[in-house]
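Chains, contacts and geometry: an overview
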Amino acid sequence: MEQMENYDIILSLASNIQQEQNLTEALRRLSQVLFNLRLTKRLWTKPYKKSPSPSSVTEENHKEPLYLNQVLYAQTCFKADELNEILKDIETEMGRTPELRAQGIVPIDLDLMKHDDTRYHLQDWERDYFQQLLQEETLEIIE
C-alpha cells in the first residue's frame, strides 16, 4: 500500500461578521480534513481596505466591522491545489459570496499561507497582525 505524504501548512483565518462563531465553525470544519492542529490566539484588527456601507455594521456597533484573525498550523495529506479547493468550498458553505464581499462583508476568509516550503499571499506575510500572530505561542487542539 502506498504511503500518503503529509504536508505542513499554515492557514490564515478571518471574519468580520459573527466573528467568534464563524471562526469556531471554520475550525470545526477544518479539523475534519486536517490533523495536528495548533492555533494562535485570536486578534481583532481594522480592515485594510475601504470600509463597507453603514448598513453592514456588526452587532458590536463599530463604524466599520472589525476582523477577528487567527493563524492555524496543521498537517494535511492534500496537495496545495486540492486544499485550496476545500478551503473555498468551506467559505462558500459558510455563506461567503462575491456579492457580500463587494459590500465588505466576509463571513469567513481561509487563506493557505504556506504549504510545506511554498509561501502564498506574500503581501499578507508583511502585515503587522500576521507577523504578530506568527510570534504567538500556539495551543493544540485535541480531537
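For the structure, see preceding data.
Presented here is a report on the structure given in the accompanying data block. Note that the coordinates shown come from a computational prediction; the quantities given were computed from them, not determined experimentally.

About the criteria used
Residues numbered from 1 in each chain as written. Predicted model: local features only at pLDDT ≥ 70, side-chain atom pairs only at ≥ 80, totals over all residues. Heavy atoms only, no water. Helix = DSSP H or I, 4+ residues; strand = E, 2+ residues; numbered from the N terminus. Expected span 1.5 Å × (residues − 1). Buried < 20%, exposed > 50% of the residue type's maximum accessible area, 1.4 Å probe, protein only. Arc of directions from axis to C-beta. Contact = heavy atoms within 4.5 Å. Lys, Arg positive; Asp, Glu negative; His and termini not counted. Salt bridge = Lys/Arg side-chain N within 4 Å of Asp/Glu carboxyl O. Core = buried A, V, L, I, M, F, W, Y, C linked by side-chain atoms within 4.5 Å. Phe/Tyr/Trp six-rings, centres within 6.5 Å; stacked < 30°, edge-to-face > 60°. Lys NZ or Arg CZ within 6 Å of the ring centre and 35° of its normal.

**Side note on helix H2 (residues 80-93)**
If you check H2, its first and last C-alpha atoms are 20 Å apart, about what 14 residues at 1.5 Å a residue would give, namely 20 Å. Among the residues of H2, those classed as buried are Ala80, Leu83, Ile86, Leu87, Ile90 and Glu91. The buried residues of H2 occupy an angular sector of 140° when the element is viewed end-on, so they sit on one face. Turned more than 90 degrees away from the buried face of H2 sit Asp81, Glu85, Thr92 and Glu93, all of them exposed. Check the buried side of H2 and you find it contacts strand S1 (7-15), helix H1 (19-30), strand S4 (67-76) and strand S5 (109-115). Looking one or two residues beyond H2, the residue adopting positive phi is Gly95, at roughly 100°.

**Some thoughts on the side chain of Asp111**
Turning to its location among the elements, Asp111 is positioned in strand S5. Lys88 provides the closest opposite charge to the buried, unpaired Asp111, separated from it by 4.1 Å. If we skip the residues at most four places from it in the chain, Asp111 touches Ile10, Leu11, Ser12, Leu87, Lys88, His121 and Asp124.

**Remarks on the nonpolar core**
Ranked by size, the top nonpolar core spans 22 residues in total, and within it Leu11, Leu13, Leu30, Leu34, Leu72 and Leu110 carry the most contacts. Where this core is concerned, the elements lending two or more residues are S1, H1, strand S2 (35-39), S4, H2 and S5. Ranked by residues supplied to this core, first place goes to H2 with 5 residues. Apart from the residues within four sequence positions on either side, Leu11 is in contact with Leu30, Leu34, Gln70, Val71, Leu72, Leu87, Asp111, Leu112 and Met113. One finds Leu43, Met113, Tyr129 and Phe130 within the second-largest nonpolar core, a separate group that totals 10 residues.

**Topic: the packing of aromatic side chains**
According to the stated counting rule, one finds 1 aromatic pair in the structure shown. Seen from their ring centres, Trp125 and Phe130 are 5.0 Å apart, and the 80° between their planes marks the pair as edge-to-face. By relative accessible area, which is 3% here, Trp125 ends up buried. Here the guanidinium or amino end of Arg119 rests over the ring plane of Trp125, the centre of that ring lying 3.8 Å away.

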